[in-house]
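Each chain, letter by letter, is given below.
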Amino acid sequence: ESGECLQTLRAQGPRFVSAVFSPDGMLALTASLNPVAQIWRVDSGKCLHTLRGHQNSVHCAVFSPDGERVITASQDKEAKIWSVESGECLHTLSGHADALRSATYSPEGKLVLTASDDHTAKVWCGETGECLRTLTGHQGTLHSAKFLLH
């Protein structure tokens, strides 16, 4: 309410490109120009997990609606689903032909949607990492894709 800075998070290497809160507001998730994302405790500013496994910049990182998983989208053409509790990579989503720009969960957390420089979006099973559908027809890079509520 006061606008006072409560915590400063220090990136490993190059600058952050995104930062989001967990659904309960207790954790923060950052993505950066290096090939990692990081999960932080908001109250202490302590890094809980550094999520390593991408081969290039992580453009986007978001929490699942239940706050138990994280998805990252990378320049390396892959998305990865991670456990928030352990920091372990649970699934690697491969199939795009170019860099990923965004990834997001459906409102109930069962599906994942990725957007890519390859002019496609893909719908994935958030529990198995299986590609369910490729959405084509765009003439350029997809910078983001979102699920709509109805």
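Residues numbered from 1 in each chain as written. Predicted model: local features only at pLDDT ≥ 70, side-chain atom pairs only at ≥ 80, totals over all residues. Heavy atoms only, no water.

Participant: Account for unusual backbone geometry, naming residues and giving values.
Facilitator: The phi dihedral of K77 falls on the positive side, at around 80 degrees, and the residue is not glycine. Following the sequence through the fold, K77 ends up in the loop between β6 (69-74) and β7 (78-83). (Helix = DSSP H or I, 4+ residues; strand = E, 2+ residues; numbered from the N terminus.)

Participant: So what about the pairing of strand β4 (residues 47-52)? Which residues, and what values?
Facilitator: Relative to β4, strand β3 (residues 36-41) is paired through five bridges, and the arrangement is antiparallel. Directly across from V36, in β4, lies its bridge partner R52. In this antiparallel pair of consecutive strands, β3 and β4, the connection spans five residues, and G45 shows a positive phi of 75 degrees. (Pairing = 2+ DSSP bridges.)

Participant: Give a description of the pattern of salt bridges that names residues and reports values.
Facilitator: Tallied over the entire structure, the rule returns five salt bridges. A salt bridge links D43 to R41; the shortest N-O distance between them is 2.5 Å. Across the pair R101 and D117 runs a salt bridge, and its minimum N-O distance is 2.8 Å. Here R101, found in strand β9 (residues 100-105), pairs with D117, found in the loop between β10 (111-116) and β11 (121-125); they are 16 residues apart in sequence, far enough to count as distant. A relative accessible area of 26% places R101 in the partly exposed class. (Salt bridge = Lys/Arg side-chain N within 4 Å of Asp/Glu carboxyl O. Buried < 20%, exposed > 50% of the residue type's maximum accessible area, 1.4 Å probe, protein only.)

Participant: How would you summarise the environment of K80 if you had to cite specific residues and measurements?
Facilitator: Mapped onto the secondary structure, K80 falls in strand β7. Judged by relative accessible area, K80 falls into the buried class, the value being 7%. In this structure, the C-alpha to C-alpha distance between K80 and H119, residues 39 residues apart in sequence, is 20 Å. In this view, K80 contacts G53, H54, V70, I71, T72, C89, H91 and T92; residues no more than four positions away in its chain are not counted. (Contact = heavy atoms within 4.5 Å.)

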